[in-house]
Amino acid sequence: MPSRRVLLATAAAAAACLGVQAVPAGAATGSGEDTQVVSRGVKIPLFYNPPAELPAADGTLIRSEPLPLALSLPTPDGPLPGTATRLMYKSTDMGGGPVAVTGAYIEPAARWSGTGPRPLVVVAPGTLGQGDQCAASMGLEHPLSFNGRTMSVGYEDLAIYRLLAKGVAVVVTDYAGLGTTDRLHTYVNRVDEGHAVLDAARAARSVPGASVTAASRVGLYGYSQGGGATAAAAELQSSYAPDVHLSGTYAGAPPADLTAVTKAIDGSELAGALGWSLNGFLQSDPALRPIADEHLNAAGKAALKDLSTMCVGDALFGYAYSKSTRWTTDGRSVSDIIGSTPALQDFLDSQRIGRLKPAGPVRLATGTSDNLVPHGQARQLAVDWCRKGADVIYKPVVLPGLGSALLNHVTPLLADQGSAVDWLADRLAGKAAQDNCATLPVQP
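We now turn to the structure provided with this report. Everything numeric here is computed off the predicted structure, so don't read it as measured data.

1. Examining unusual backbone geometry
- Cis peptide bonds are those with omega within 30 degrees of zero, and the linkage from Leu80 to Pro81 qualifies with 10 degrees.
- Examined against the element boundaries, Pro81 turns out to sit in the loop between β3 (61-67) and β4 (82-92).
- For Arg40, which is not a glycine, the phi torsion comes out positive at approximately 50 degrees.
- Of note, Arg40 is situated in the loop between β1 (37-39) and β2 (42-44).
- Taking the relative accessible area as the measure of exposure, Arg40 reaches 17% and is therefore buried.
- The backbone of Ala253 shows a phi angle near 45 degrees, a positive value even though the residue is not glycine.
- Within the secondary structure layout, Ala253 lies in the loop between β11 (246-252) and α6 (258-265).
- Classification of Ala253 as buried rests on a relative accessible area of 1%.

Okay, structure coming up:
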């Protein structure tokens, strides 16, 4: 397995190749709309401080401003691949409360060659971390940021630019609490994420200069955390956002069963995600706090606090291969504690994706060797949806095991991304999709 020294050297080499953008250091001084919040030395723009009062309607655009794209080419006809706008919009969290969510809308320079008005794709980012500096909208401006205390990587930019090249407008959500400075990001909360995805589609219609309309076909794109978010959004669309004309959903490697995923990530390269999950659970349901206080030792509590401001790069360097048995008072793993605690079981059960029929066709992809977001639980989601009569296109990405859980998880994303974008573009052009539920029993 790679050492932390190797991980750090690889990141440093990537930073040199990409032209890393240094971020300033500072110190947090308080809260409020006019107060500069600082996360690991990164000054979070005041734009990300939500107002005290939020509008009533979900998807309402609260504010917007021009967003400079780091990877952009000026031309006489405008910038390529398009013009970006930073945005904040209103959504609703799992508890039914109002929440401000940030993101970015990109109006493409490329012409839409399909029928009907220009379509829209909501990109739900994969795991970026829990610190506000990790937000995907910031990653469009700073694809790789490093200041010695934190490193964020805007790796979703590739999929975004592929969609823009097809003449498809893109809106990216930062999710609840990632970017916005008023609360902690509720990592892998299916309701919060599903609502944030659907409300991003609504908010895009109100962005100044946007060509998308209420009649635009909408697609959803996400892998890993993003795959869970798009899968949840497809399930919630009919009840929460029937005004969003959902034409197709790509859900790659969705963490549909958090009980299985929690066990798999423990001790892996991305063990830090276990801390983000626990932090998110406690943010979503404060009634779980006494359970955490009972079972987490000083090292565990310190790790959760530390991880709450980290990005993926930070967690890889600081917590790769960490085991939760070192975080608990009795040496049991977090998974064992969940298994013996009904309140925790009930919470994770409430996050299970697959109990509702998704709207429209869904392309569900999963790497057969993925043991980080386990292949088996993602395949089971396809089974569950097919049993409900959903229009499911199940795509097993057959690759050999690579000796690394992280590589087993990331490689299918890269191998399948082009096909996934093409499939989604076909749905947005009005082409019908043929489900393959009938062949699912004989597929890996």
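Next comes the rest of the write-up.
2. A few points about the pattern of salt bridges
- Under the definition given, this model contains 17 salt bridges.
- The shortest N-O distance in the salt bridge between Asp306 and Arg40 comes to 2.4 Å. You can see Asp306 sitting in helix α9 (residues 298-307) and its partner Arg40 sitting in the loop between β1 and β2, a full 266 residues away along the chain.
- Ionic pairing is found between Arg205 and Asp243, a salt bridge with its closest N-O pair at 3.3 Å. In this pair, Arg205 sits in the loop between α4 (190-204) and β10 (218-223) while Asp243 sits in the loop between α5 (225-240) and β11, placing the two residues 38 residues apart along the sequence.
- Residue classification places Arg205 among the partly exposed residues on the basis of a relative accessible area of 27%.
- Here the residues in one salt-bridge network are Asp199, Arg202, Arg205 and Asp243, joined through shared partners.

3. Points about helix α3 (residues 157-165)
- The set of residues buried in α3 consists of Asp157, Ala159, Ile160, Tyr161, Leu163 and Leu164.
- Residues of α3 that are buried sit in contact with β5 (98-108), β6 (120-124), α2 (136-141), β9 (169-176), β10 and α14 (405-428).
- One or two positions beyond α3, positive phi appears at Gly167, with a value near 80 degrees.

4. Things to note about the side chain of Thr230
- Positionally, Thr230 belongs in helix α5.
- For Thr230, a relative accessible area of 0% translates into the label buried.
- From its side chain, Thr230 meets the backbone oxygen of Gly227 in a polar contact 3.2 Å long.
- Ignoring any residue separated from it by four or fewer positions in sequence, one finds Thr230 in contact with Ala124, Leu220, Tyr221, Gly222, Thr249, Tyr250 and Ala251.

5. Considerations on the packing of aromatic side chains
- Overall, the coordinates contain five aromatic pairs when judged by the stated rule.
- Between the aromatic rings of Tyr221 and Tyr250, the centroid separation amounts to 4.9 Å while the plane-to-plane angle is 35 degrees, which identifies the pairing as tilted. Note that Tyr221 is positioned in strand β10 and Tyr250 in strand β11, a separation of 29 residues in sequence.
- With relative accessibility at 0%, the residue Tyr221 sits in the buried group.

6. Focus on the packing of α4 against α5
- Contact geometry of α4 with α5 gives a least axis separation of 7 Å together with a crossing angle of 70 degrees. It follows from the interaxial angle that α4 and α5 lie roughly perpendicular. Contacts between α4 and α5 involve Arg190, Val191, Glu193, Gly194, His195, Val197, Leu198, Asp199 and Arg202 from the former and Gln225, Ala229, Ala232, Ala233, Leu236, Gln237 and Tyr240 from the latter.
- Tallied by class, residues from the contact of α4 with α5 come to eight nonpolar, four polar and four charged.

7. What about the packing of α3 against α14?
- Orientation of α3 relative to α14, taken along the N-to-C sense of each, is 35 degrees, at an axis distance of 10 Å. Crossing hand, α3 versus α14: right-handed. Of the residues in α14, those in contact with Leu158, Ala159, Arg162 and Leu163 of α3 are Gln417, Gly418 and Val421.
- Here the contact of α3 with α14 is composed, by residue class, of four nonpolar, two polar and one charged.

8. Quick look at the state of the cysteines
- A complete count under the given rule lists two disulfides for this structure.
- At a sulfur-sulfur separation of 2.1 Å, the disulfide partner of Cys134 is Cys311. Across the S-S bond of Cys134 and Cys311 the torsion is about -100 degrees, and the bridge reads as left-handed. Of this pair, Cys134 sits in the loop between β6 and α2 while Cys311 sits in the loop between α9 and α10 (312-319), and the two are 177 residues apart along the sequence.
- Cys134 sits in the buried class, given a relative accessible area of 4%.
- Note on Cys311: relative accessible area 0%, which makes it buried.
- The disulfide partner of Cys386 is Cys437, and the S-S distance across this bridge is 2.0 Å. Negative torsions about the S-S bond denote left-handed disulfides, and the value of about -80 degrees found for Cys386 with Cys437 makes this one left-handed. With Cys386 in helix α13 (residues 375-387) and Cys437 in the segment after α14, the pair connects residues that are 51 residues apart, well separated along the chain.

9. With respect to the pairing of strand β13 (residues 392-397)
- A large share of β13 lies buried, amounting to five of its six residues.
- Bridge count between strand β12 (residues 362-367) and β13: six bridges; the pairing is parallel. Of the residues in β13, the one forming a bridge with Arg363 is Ile393.
- Handedness of the β12-α13-β13 crossover: right-handed.

Scoring rules and cut-offs
Residues numbered from 1 in each chain as written. Predicted model: local features only at pLDDT ≥ 70, side-chain atom pairs only at ≥ 80, totals over all residues. Heavy atoms only, no water. Helix = DSSP H or I, 4+ residues; strand = E, 2+ residues; numbered from the N terminus. Buried < 20%, exposed > 50% of the residue type's maximum accessible area, 1.4 Å probe, protein only. Salt bridge = Lys/Arg side-chain N within 4 Å of Asp/Glu carboxyl O. Contact = heavy atoms within 4.5 Å. Polar contact = N/O pair within 3.5 Å; in protein donor to acceptor, adjacent residues only side chain to side chain. Phe/Tyr/Trp six-rings, centres within 6.5 Å; stacked < 30°, edge-to-face > 60°. Axes fitted to C-alpha atoms, helices over the stretch in contact; angles between N-to-C directions. Parallel < 35°, antiparallel > 145°, perpendicular 65-115°, else oblique. Nonpolar A, V, L, I, M, F, W, Y, C, P; charged D, E, K, R; others polar. Left-handed = near helix turned anticlockwise from the far one by under 90°. Disulfide = S-S within 2.5 Å. Pairing = 2+ DSSP bridges. Right-handed = clockwise from strand over helix to strand, strands pointing away.

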